[in-house]
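# Geometric and topological summary
One letter stands for each residue in the lines below.
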Amino acid sequence: MLYMMCMHQTHMLIGLDLLRVFEALHRERQVTRAARVVGLSQPAMSRALVRMRDALGDQLFVRSTRGMLPTPRAEVLAPAIRRVLEGVEALRVPGPFDPATLVRTFTVGAVDFFDTDLLPEVARTLKTAPGVSVSTRPLGADSGDNLKTGQLDLIVGVRQVIPPDAMIQHLFDEGFVCAVRRGHPVVKNKLTLAMFVELSHLLIAPRGEPGGPVDDALAKRGLARRVAVLTHTFQSAPLIVSRSDLVLTAPRRIVAPVAKAFGLRMFEPPLPVPPFGVYQAWHPRVQDDPAHTWFRRVIAASAR
């Protein structure tokens, strides 16, 4: 139990139960009503008053025709005691969380895949939280450290980019689709494995590194493809493919919504390529923060 050391020559300790008795008496000015407030019988309330008087060396409350009047000493103590009780209640019972009153910017480390796929839905949700804004940053080698220091509130990405000490939540699994421009000179109604290996490709590599699930799947068959262009952004890929003869293999969520606008034809990959998981991750220190918990729910709902 938390105690308050009173400024008294006896240096006695006053428990929270007595502080609540004091505050109730000071507010109600009547023993019976104060006892009802703190949940004590009237005799127990009277005994508590005796203990307070002994501890503080003062009458504290004196009977009168207007009820229990506080002494000058009690009037001096009342504001301090009220602050102690308010502080204890703030520790024990968090106030109700209302996103409509929240003023905060959440910073998310993610590839631009997050911007195009999830942010539109997040923006719609934030209409109910007008004081909340979202800022995105590209993932980098320092993203894990930024998560620890609070410069990033969340990381959204594949498992490989998430620090080992982070809390994680699986958002969704995503599969791949191939795309070429309409009027492609080679790919007409079908994309065969032979065409796939023969043609030049556009590779999306957010971290600038070659290789990936498609190349791993080809390697298992003793095959390889030629990557003619490597881009680090998802957003640029549909435009590049629409103006070239390159083949794009990318997450379905990226290609499908823009295929018609960019004049792209979609095909299933000509060989099995395993899907990948997308996760959100955060530092354990914000696990129980009500605002952060709410924002994580917004992200999860947008992913669905």
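Placed above this text is the structure.
So, a few notes on the structure that sits alongside this text. (Residues numbered from 1 in each chain as written. Predicted model: local features only at pLDDT ≥ 70, side-chain atom pairs only at ≥ 80, totals over all residues. Heavy atoms only, no water.)

### Points about the pairing of strand E9 (residues 176-181)
Among the six residues that make up E9, five are buried, leaving the element largely enclosed by the rest of the structure. Pairing between E9 and strand E12 (residues 247-251): four bridges, direction antiparallel. Bridging across to E12, Ala179 finds its partner in Leu248. Strand direction decides the pairing type here: E9 and strand E13 (residues 264-267), joined by four bridges, are antiparallel. Paired with Cys178 across the two strands is Phe267, which belongs to E13. (Buried < 20%, exposed > 50% of the residue type's maximum accessible area, 1.4 Å probe, protein only. Helix = DSSP H or I, 4+ residues; strand = E, 2+ residues; numbered from the N terminus. Pairing = 2+ DSSP bridges.)

### Here's the deal with the sheet that holds E13
Reading across from one edge, E11-E10-E12-E9-E13 is the order of the five strands in this open sheet, with mixed pairing throughout. Two strands close off the open sheet at either side, each with one partner strand: strand E11 (226-231) and E13. Each adjacent strand pair in this sheet contributes to an overall mean axis angle of 30°, direction not counted. (Axes fitted to C-alpha atoms, helices over the stretch in contact; angles between N-to-C directions.)

### Considerations on the packing of aromatic side chains
Considering all chains together, one arrives at five aromatic pairs under this definition. A ring pair is formed by Phe97 and Trp294, whose centres lie 6.2 Å apart and whose planes are at 50°; its orientation type is tilted. Separated by 197 residues along the polypeptide, Phe97 in the loop between helix H4 (72-92) and strand E5 (104-110) and Trp294 in helix H13 (residues 290-303) bring together distant segments of the chain. Here Phe176 and Phe276 contribute two aromatic rings whose centre-to-centre distance is 5.4 Å and whose plane-to-plane angle is 50°, an arrangement assigned as tilted. Of this pair, Phe176 sits in strand E9 while Phe276 sits in strand E14 (residues 276-282), and the two are 100 residues apart along the sequence. Connected via pairs of aromatic rings, a cluster forms that spans Phe97, Phe106, Trp294 and Phe295. Sitting over the face of the ring of Tyr279, Arg159 holds its NZ or CZ atom 5.3 Å from the ring centroid. Positioned above the aromatic ring of Phe172 is the side chain of Arg253, whose terminal nitrogen or guanidinium carbon lies 3.7 Å from the ring centre. (Phe/Tyr/Trp six-rings, centres within 6.5 Å; stacked < 30°, edge-to-face > 60°. Lys NZ or Arg CZ within 6 Å of the ring centre and 35° of its normal.)

### Remarks on the side chain of Thr293
Its location among the elements puts Thr293 in helix H13. Overall, the relative accessible area of 17% leaves Thr293 in the buried class. Once you skip the residues sitting within four places of it in the chain, Thr293 turns out to touch Gln287 and Asp288. (Contact = heavy atoms within 4.5 Å.)

### Some remarks on the environment of Gln235
Position of Gln235 among the secondary structure elements: in the loop between E11 and helix H10 (237-242). Judged by its relative accessible area of 46%, Gln235 is partly exposed. In this structure, Gln235 is in contact with Asp112, Asp115 and Thr116, ignoring residues within four places of it in sequence.

### With respect to the sheet that holds strand E8 (residues 167-174)
Taken together, five strands build an open sheet; the order of strands is E6-E5-E7-E14-E8 and the sheet is mixed. Edge positions in the open sheet fall to strand E6 (132-137) and E8, since each of these has one partner strand only. On average, adjacent strands in this sheet sit at an angle of 20° to one another, irrespective of strand direction. One ladder, built from seven bridges, connects E8 with E14; its direction is antiparallel.

In short, geometric facts, not functional conclusions.
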